[in-house]
Amino acid sequence: MSDDDNFAAAYREHYWAVSRYVARRLDGRTHEVEEVVAEVFTVAWRRRSDLPDTPLPWLYGVARNCLANAVRGQGRRRRLVDRLGNDDTAHRRHIAAGPEAETPGGWVHEALARLSPADQEVLRLTAWEELGVDEVAVALGCGTRAASMRLHRARRRLRAEIDRLGPTTAATLKENGHG
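Attention here is on the structure that accompanies the text. (Residues numbered from 1 in each chain as written. Predicted model: local features only at pLDDT ≥ 70, side-chain atom pairs only at ≥ 80, totals over all residues. Heavy atoms only, no water.)

### Concerning the overall build of the protein chain
When helices and strands are tallied, the protein chain shows 7 helices and 0 strands. If you list the helices and strands of the protein chain from N to C, you get α-α-α-α-α-α-α. Relative to its full complement of 179 residues, the protein chain shows a buried share of 34%. Counting only contacts in the protein chain whose residues sit at least 6 apart along the sequence, the fraction spanning at least 24 positions is 61%. Summed over all atoms, the accessible surface of the protein chain reaches about 11900 Å², with 51% contributed by carbon and sulfur. (Helix = DSSP H or I, 4+ residues; strand = E, 2+ residues; numbered from the N terminus. Buried < 20%, exposed > 50% of the residue type's maximum accessible area, 1.4 Å probe, protein only. Contact = heavy atoms within 4.5 Å. Areas by Shrake-Rupley, 256 points an atom, 1.4 Å probe, with all protein chains shown as cover.)

The following block contains the structure:
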């Protein structure tokens, strides 16, 4: 198969997996998701001769870099808006969510959010993207032993955060009739 054929096959086979990967990290901000996914496949097209036989972990690595660029761009835009004094609160568009807006399993997301971005990413790659350690290593651009150690440490830190949140969570579950 030619490089073009390999790219086309990777695009067809992995477009939706890459889209879900990006959407999870951008909390579903649709217009940004589409932009980042387009950038991922633009990079993949330019580097189609570098596509490995198993392209999905490699595409996740490209997506990580594209997401980092998008986040940096967001920060620049936010600083510009702040300098211009044109933020939502200045125009009374700030909306506070009520207690009924709490998402199921929110405490898990809270525990995850307390971890470093690197820990969050390695856990998401294994849980959300269902990658094995070898594939995580490709996505993170490191060796298999390093990926395994990162995953082990991230799981340990997540467990500590869950334990820290535990008493509140247990009480909440009992109040809601789940305990």
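Still more ground to cover, so stick around.
### Regarding the side chain of Arg124
Relative to the helices and strands, Arg124 resides in helix H5 (residues 117-127). Here Arg124 occupies a buried position and makes no salt bridge, while the nearest side chain of opposite charge, Glu121, is found at 4.9 Å. Those residues in contact with Arg124 that lie beyond four places of it in its chain are Arg25, Leu112 and Glu129. (Lys, Arg positive; Asp, Glu negative; His and termini not counted. Salt bridge = Lys/Arg side-chain N within 4 Å of Asp/Glu carboxyl O.)

### So, the nonpolar core
With 41 residues, the main nonpolar core has Val18, Val22, Val40, Phe41, Tyr60, Leu123 and Leu125 as its most contacted residues. Secondary structure elements with two or more residues in this core: helix H1 (3-25), helix H2 (30-46), helix H3 (55-84), helix H4 (106-113), H5, helix H6 (133-140) and helix H7 (144-175). Here the element with the most residues in this core is H3; it accounts for 8 residues. Those residues in contact with Phe41, other than ones at most four positions away along the chain, are Phe7, Ala10, Tyr11, His14, Tyr15, Val18 and Leu59. (Core = buried A, V, L, I, M, F, W, Y, C linked by side-chain atoms within 4.5 Å.)

### Comments concerning the environment of Trp107
When you line up the elements, Trp107 lands in helix H4. The spatial distance from the C-alpha of Trp107 to the C-alpha of Glu161 is 9.9 Å, given a sequence separation of 54 residues.

### As for the packing of H1 against H2
It is the contact of H1 with H2, at a shortest axis distance of 10 Å, that shows an interaxial angle of 150°. Here H1 is positioned roughly antiparallel relative to H2, judged by the angle of their axes. Of the two possible hands of crossing, H1 and H2 adopt the one that is right-handed. Taking contact as the criterion, the partners of Asp4, Phe7, Ala10, Tyr11, His14, Tyr15, Val18, Ser19, Val22 and Ala23 in H1 are, on H2, Val33, Val36, Val37, Val40, Phe41, Ala44 and Trp45. The residue makeup of the contact of H1 with H2, split by class, is 14 nonpolar, 2 polar and 1 charged. (Axes fitted to C-alpha atoms, helices over the stretch in contact; angles between N-to-C directions. Parallel < 35°, antiparallel > 145°, perpendicular 65-115°, else oblique. Left-handed = near helix turned anticlockwise from the far one by under 90°. Nonpolar A, V, L, I, M, F, W, Y, C, P; charged D, E, K, R; others polar.)

### Digging into H6
Of all the residues in H6, the buried ones are Val136, Ala137, Ala139 and Leu140. Each buried residue of H6 sits inside an arc of 165° when the element is viewed along its axis, so together they form one side. Backbone geometry just downstream of H6 places Gly141 in the positive-phi region, at approximately 70°. (Arc of directions from axis to C-beta.)

### A look at the pattern of salt bridges
On inspection of all chains with the given rule, the structure shows 12 salt bridges. In this structure, Glu110 engages Arg114 in a salt bridge whose closest nitrogen and oxygen atoms are separated by 3.0 Å. Given the relative accessible area of 44%, Arg114 is considered partly exposed. Residue Arg159 is joined to Asp163 by a salt bridge in which the shortest nitrogen-to-oxygen separation is 3.1 Å. A residue pair is termed a helical-turn pair when its members lie 3 or 4 positions apart in one helix, as Arg159 and Asp163 do in helix H7 at 4 residues.

### Concerning the packing of aromatic side chains
Taken as a whole and judged by the stated rule, the model has 8 aromatic pairs. Consider the rings of Phe7 and Trp45, whose centres lie 5.2 Å apart with planes at 75°: the pair is edge-to-face. Linking Phe7 in helix H1 with Trp45 in helix H2, this pair joins segments that are 38 residues apart in sequence. In this structure Phe7 comes out as buried when scored by relative accessible area, which is 13%. Residue classification places Trp45 among the partly exposed positions, given a relative accessible area of 37%. A centroid spacing of 4.6 Å and a plane angle of 15° characterise the contact between Tyr21 and Tyr60, whose relative ring orientation is stacked. Of the two residues, Tyr21 sits in helix H1 while Tyr60 sits in helix H3, which places them 39 residues apart along the sequence. Look at Tyr21 and you get buried, because its relative accessible area is 0%. Through a chain of ring-to-ring contacts, the aromatic side chains of Phe7, Tyr11, Tyr15, Trp16, Phe41 and Trp45 assemble into a single cluster. The residue whose ring lies beneath Arg25 is Tyr21, and the NZ or CZ to ring-centre distance is 3.7 Å. Taking NZ or CZ as reference, Arg48 lies 3.7 Å from the ring centre of Trp45, over its face. (Phe/Tyr/Trp six-rings, centres within 6.5 Å; stacked < 30°, edge-to-face > 60°. Lys NZ or Arg CZ within 6 Å of the ring centre and 35° of its normal.)

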